[in-house]
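Residue-level listing of the chains:
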Amino acid sequence: MKLNSKSLFIVLIIWIGVVGLLFAVIPDKKIASVIAGSGFVILPLLILFSEMQKSERNLSVIVASSVFFIFSALPIFLLRVLNWEKDFKELSVFGVPSEVLHRASNFLYIVMLIAVGVAFWRERNRSLSQK
């Protein structure tokens, strides 16, 4: 299954709304965070898998998705799951408080979103210029 940057960009935008809905609809914030975190783990992997299938790979998309996955999505997800009984605000990774990690995660998600958006814009312009 080969996804184009447009589809991935749209999914990344939609996921922001879905996460908001999850926290609004699911009363148990731990459950909502695990569902949201699952998506944040799966999305960069999906982007990386899709990018690796392309003949012309976009390095900025690969780097942004990898950085988000390695330094944000996976650590936050594991932090939540492996410390289920504790309040997320009490947790830290290598001395970095979970709240700081979460704020950095928002920034890294935006960087990944921009990288995929630029890739989509370039793909669109390339296809328009070939017509």
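Residue positions are given per chain, counted from 1 along the sequence in the order it is written. Residues qualify for local features only when their pLDDT is at least 70, as the model is predicted, and side-chain atom pairs are given and counted only at 80 or more; totals for whole chains, interfaces and linings, by contrast, use all residues. Calculated side-chain values reflect all of the structure's heavy atoms, with hydrogen atoms and water omitted.

Draft legend 1. Looking closely at the pattern of salt bridges. Salt bridges are counted wherever a side-chain nitrogen of Lys or Arg sits within 4 Å of a carboxyl oxygen of Asp or Glu. The tally for this structure, following the rule as stated, stands at three salt bridges. Two residues, E123 and K54, come together in a salt bridge whose shortest N-O distance is 3.1 Å. Highlighted residues: E123 in helix α4 (residues 98-129) and K54 in the loop between α2 (29-52) and α3 (59-82), separated in sequence by 69 residues. Overall, K54 belongs to the buried group, its relative accessible area being 11%. Helix numbering and strand numbering both begin at the N terminus, where a helix is a DSSP run of H or I of at least 4 residues and a strand a DSSP run of E of at least 2. Each residue is assigned to one of three classes by its accessible area relative to the maximum for its type, calculated with a 1.4 Å probe on protein chains only: buried under 20%, partly exposed between the two thresholds, exposed over 50%.

Draft legend 2. Examining helix α1 (residues 5-25) more closely. By this rule, a helix spans an expected 1.5 Å times one less than how many residues it contains. With 21 residues, α1 should cover 30 Å at 1.5 Å per step; its first-to-last C-alpha distance of 30 Å lies within 8% of that length. Where α1 is concerned, the buried positions are S5, L8, L12, W15, V19 and L22. By the convention used here, residues are in contact when the closest approach between their heavy atoms is within 4.5 Å. If you follow the buried residues of α1, they end up packed against α2 and α4.

Draft legend 3. Quick look at unusual backbone geometry. Even without a glycine there, the phi angle at F94 is positive, about 50°. Relative to the helices and strands, F94 resides in the loop between β1 (92-93) and β2 (96-97). Assessed through its relative accessible area of 85%, F94 is described here as exposed.

Draft legend 4. Focus on the nonpolar core. Among the buried residues, those of types Ala, Val, Leu, Ile, Met, Phe, Trp, Tyr and Cys that are joined through side-chain atoms within 4.5 Å form a nonpolar core. In this structure, L12, I47, Y109 and M112 are the most contacted members of the largest nonpolar core, which totals 23 residues. When residues of this core are traced back to their parent elements, those giving at least two are α1, α2, α3 and α4. Counting residues per element, this core draws most heavily on α4, which supplies seven residues. If we ignore the near neighbours within four places in the chain, the residues touching L12 are L43, I47, Y109, M112, L113 and V116.

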